[in-house]
Amino acid sequence: MNKPVLPMSSLSLKLPTADRKIEDYRLAASRTFPAKLEGVLNRVAFSAAHVVADPLADNDPWLTSAIDWDRTIAFREYVWDLGLGVAEAMDTAQRGMGLDWPTSLELIRRSVKAAKAKDNALVFSGAGTDHLAVEDAKSIDDVIRAYEEQSAAVEKAGGRIILMASRALAKLGRSADDYAKVYNRVLSQVREPVIIHWLGDMFDPALSGYWGTADLDKAMDTAVAIINANAAKVDGVKVSLLDKQREIDMRRRLDKNVKMYTGDDFNYAELIAGDAQGFSHALLGIFDAIAPAASYALSRLAAGDEAGFHDILGPTVPLSRHIFKAPTRFYKTGIVFMAYLNGHQDHFTMVGGQESTRSTLHLAELFRLADKAGLLSNPELATRRMKTVLAMRGIEP
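Residues numbered from 1 in each chain as written. Predicted model: local features only at pLDDT ≥ 70, side-chain atom pairs only at ≥ 80, totals over all residues. Heavy atoms only, no water.

K.L.:
Whenever I open this one, the side chain of S104 confuses me. Can you help?
P.N.:
Positionally, S104 belongs in helix α2 (residues 101–117). For S104, a relative accessible area of 0% corresponds to the buried category. Discounting residues that sit within four places of it in the chain, S104 has contacts with A89, R95 and L99. (Helix = DSSP H or I, 4+ residues; strand = E, 2+ residues; numbered from the N terminus. Buried < 20%, exposed > 50% of the residue type's maximum accessible area, 1.4 Å probe, protein only. Contact = heavy atoms within 4.5 Å.)

K.L.:
Hey, could you run me through the pairing of strand β6 (residues 160–163) in this one?
P.N.:
For a regular strand, side-chain orientation follows a simple rule: the groups alternate between the two sheet faces. When strand β5 (residues 123–127) meets β6, the two strands line up parallel, connected through 4 bridges. Following the sheet pairing, A127 is matched in β6 by L163. Relative to strand β7 (residues 194–199), β6 is paired through 2 bridges, and the arrangement is parallel. Looking across to β7, one finds that L163 is bridged to I196. (Pairing = 2+ DSSP bridges.)

K.L.:
Looking at this model, I keep getting lost on unusual backbone geometry. Mind explaining?
P.N.:
Working note: non-glycine residues mostly have negative phi, and peptide bonds are mostly trans. Geometrically, the link from A326 to P327 is a cis peptide bond, its omega value of -10° lying close to zero. Along the chain, the position of P327 falls in the loop between α12 (316–323) and α13 (331–341). Positive phi outside glycine occurs at L242, with the angle close to 55°. The topology assignment puts L242 in the loop between β8 (234–240) and α7 (244–253). Classification of L242 as buried rests on a relative accessible area of 17%.

Printed below as a string of structure tokens:
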């Protein structure tokens with residue numbers, strides 16, 4: 001149970017402001033959440049999990065990835081303890097943005113093995129076409145073969161599949177028929193129902209025009225038709241368009257056996273709560289950063305305490321909107337920064353050197369919003385680490 005939230009903490013630090021000044025910021029009193037799931041959940045909830053880079057590896061971060069496997073798997077065990085599933089090797093793990101397919105497959109193998117050892121904890125893993133360079137993709141059949149190769153590798157590892165959007169298909173697919181050919185062929189071969197991921201171009205500009213058109217209404221018509229025609233092979237669909245009404249509209253059109261997993265990091269609280277006509281489950285990158293609060297909020301919702309659900313999750317939304325602000329594809333920096341502040345890793349180093357993709361002002365505002373939402377699990381540690389990062393960027397304590 002949460003302890004009462006007091007108005008102020010004794011902790012303070014200097015933070016930069018948008019007008020190029022430095023303010024003395026005093027933290028709010030901390031809010032605590034259970035370290036493990038309490039009760040049950042009535043929503044399926046995945047955290048798309050980040051990877052922990054190895055900061056001592058002798059590599060070239062822009063060219064090759066180096067993973068701290070122990071810390072990476074430990075983070076997944078922490079997520080599972082909270083009753084959340086792990087969406088593995090997705091864009092939150094910098095898939096295709098620093099994390100290549102061979103390293104992704106190693107991550108999937110390790111994660112699936114760890115999940116089985118933890119009472120068959122929930123994990124689905126990304127299968128896409130990213131080992132096929134976009135410039136080398138010459139035909140729709142090339143895309144199909146690439147999907148088949150990765151899907152087979154995930155299943156061989158004992159995993160369940162999230163069918164990721166394909167940059168190669170976005171380049172080659174000219175019509176609804178092209179997309180239907182790819183998805184029908186791939187879905188016909190999977191052993192167990194998959195989650196289909198519709199990732200908007202705000203997350204990855206190379207996916208512009210997915211489903212064969214830039215018209216989102218027509219794109220949704222195509223996606224719904226393909227999914228419903230293959231409903232027996234589809235567990236659900238994750239929509240990442242940052243447009244709550246489109247998600248609601250699509251949710252109401254899906255076959256009754258197909259779940260909607262919200263990927264809307266701007267509006268997830270209200271979409272998960274739902275309305276008289278239904279609700280969304282969750283597959284969210286922000287759940288990496290707010291896992292304890294998400295777990296506890298979802299347990300309150302399952303217990304019939306919707307007010308408690310919104311009391312916990314509502315204050316996390318401004319933080320999420322900040323982390324996922326445009327250019328949205330750089331949200332991973334904020335996710336990893338939260339992991340650093342909360343002690344899940346000892347450094348703020350990322351695969352691909354992407355710790356550099358957000359400004360000092362952005363990180364300072366992230367700290368303020370995380371504090372106001374009660375998401376700094378150890379405020380003393382978080383304050384000390386924030387001061388360290390600021391000192392490296394020219395702001396002395």
